[in-house]
Structures are given as structure tokens and as C-alpha cells.
Amino acid sequence: MGRLLLDTSRVSYEVSVNPVPKLDQNGQQKFDRETKHPMWTVHLYALSENSGEVINVTVVSPTLPPVTVRQPVVPVDLEALPWVNDRDGKVRSGVAFRASALKALDTAVA
């Protein structure tokens, strides 16, 4: 399936929970299959003109993304990854979000 890149130009993002390692079911940090870089989970407020929600974004980066709570950011290459899980006769589905980086916005006033 092709990538579903999202247009971030009409949405503002703010870090709502500091980045943490993305863990597997054994408590070990996950690594990207292609780049071999570690994966991090960051919760972001996604605010548009008419709505807002918190999204969990996986960031693939060699180091912990240098962002903190309440910091405005722009997710780089933000993509939506639809998923379906059929376990024990129960079907669950959702959308995961992934970015290649988080670009911190300069909030200094001149």
C-alpha cells in the first residue's frame, strides 16, 4: 500500500506528553525495519479551526526527539497508517501515525 501523507498546513501541533521509547510486548524498544533506527512515541495535540484531538505519533529517529510538553511542533512527513487486527474473533481497527521527525517551532517574539 502507498503512503498516506497528511497535509499539516491547516493544523497546529503541540507536544502533550514528552517522547518515550516505543516498546514491544516484551518491554524492549522497537526499531524500524528499514533504517534500523529506534522508534519513539510522542503524544501531540492536533488542533484545527473546528476540532482538536490527541494523536500518538511514532517518530523514527537515531536519538530521542528534542521536544518537550507544550512545545509547538510540525511533524515531518506525517503519514496515516490504517490497521486491522483480528484476534480471537474480535476485529479491531484504527489509524496509526508516523513521522520522520518533529520540527520545533520558534515561539520567540521579536
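Above this text you will find the structure in question.
Bear in mind that the values here come from a model prediction, so they are computed numbers and not experimental data. (Residues numbered from 1 in each chain as written. Predicted model: local features only at pLDDT ≥ 70, side-chain atom pairs only at ≥ 80, totals over all residues. Heavy atoms only, no water.)

Q: Residue-level account of the overall build of the chain, with values.
A: A count of helices and strands for the chain gives zero helices and eight strands. Each of the three principal axes of the chain carries a C-alpha extent, and together these read 55 × 35 × 25 Å. Counting across all 110 residues of the chain, residues that qualify as buried make up 26%. Of the roughly 7,900 Å² of accessible surface on the chain, a fraction of 51% belongs to carbon and sulfur atoms. (Helix = DSSP H or I, 4+ residues; strand = E, 2+ residues; numbered from the N terminus. Buried < 20%, exposed > 50% of the residue type's maximum accessible area, 1.4 Å probe, protein only. Areas by Shrake-Rupley, 256 points an atom, 1.4 Å probe, with all protein chains shown as cover.)

Q: A description of the nonpolar core should follow, citing residues and the corresponding values.
A: One finds Tyr13, Leu44, Ile55, Val57, Val73 and Leu102 to be the most contacted residues of the largest nonpolar core, which totals 15 residues. Elements with a contribution of two residues or more to this core: strand 2 (12-21), strand 3 (39-47), strand 4 (52-60) and strand 7 (90-99). Discounting residues that sit within four places of it in the chain, Tyr13 has contacts with Thr8, Leu44, Tyr45, Ala46, Ile55, Gln71, Pro72, Val73, Pro75 and Leu78. (Core = buried A, V, L, I, M, F, W, Y, C linked by side-chain atoms within 4.5 Å. Contact = heavy atoms within 4.5 Å.)

Q: Lay out the layout of surface pockets with the relevant residues and their values.
A: Space inside the second largest pocket adds up to approximately 490 Å³. When residues of the lining of the second largest pocket are traced back to their parent elements, those giving at least two are strand 4, strand 6 (79-87) and strand 7. Classifying every residue of the lining of the second largest pocket by side-chain character gives eight nonpolar, three polar and six charged. (1 Å grid on protein atoms, 1.4 Å probe; cavity = no way out; pocket = protein on both sides within 12 Å on 5 of 7 lines; lining within 4 Å. Points joined across faces, edges and corners; volume = space filled by probe spheres on them. Nonpolar A, V, L, I, M, F, W, Y, C, P; charged D, E, K, R; others polar.)

Q: Which residues make up a nonpolar patch on the surface, and what values go with them?
A: On the surface, a cluster of nonpolar side chains totalling about 250 Å² of accessible area is made up of Tyr45, Leu47 and Val54. Here Tyr45 lies in strand 3. For Tyr45, a relative accessible area of 35% puts it in the partly exposed group. (Patch = residues over 30% accessible without salt bridge, like charges linked within 9 Å, V, L, I, M, F, W, Y side chains within 5 Å. Salt bridge = Lys/Arg side-chain N within 4 Å of Asp/Glu carboxyl O.)

Q: Can you break down the pairing of strand 7 residue by residue, with the values?
A: Across three bridges, strand 4 lies against strand 7 in parallel orientation. In the sheet register, Val59 faces strand 7, and the bridge partner there is Ala99. Here strand 6 pairs with strand 7 via nine bridges, running antiparallel. Bridged to Trp83 within strand 7 is Gly94. Where strand 6 folds back onto strand 7 in an antiparallel hairpin, the turn is made up of two residues, including Asp88, whose phi is positive at roughly 55 degrees. (Pairing = 2+ DSSP bridges.)

By themselves these figures say nothing about function.
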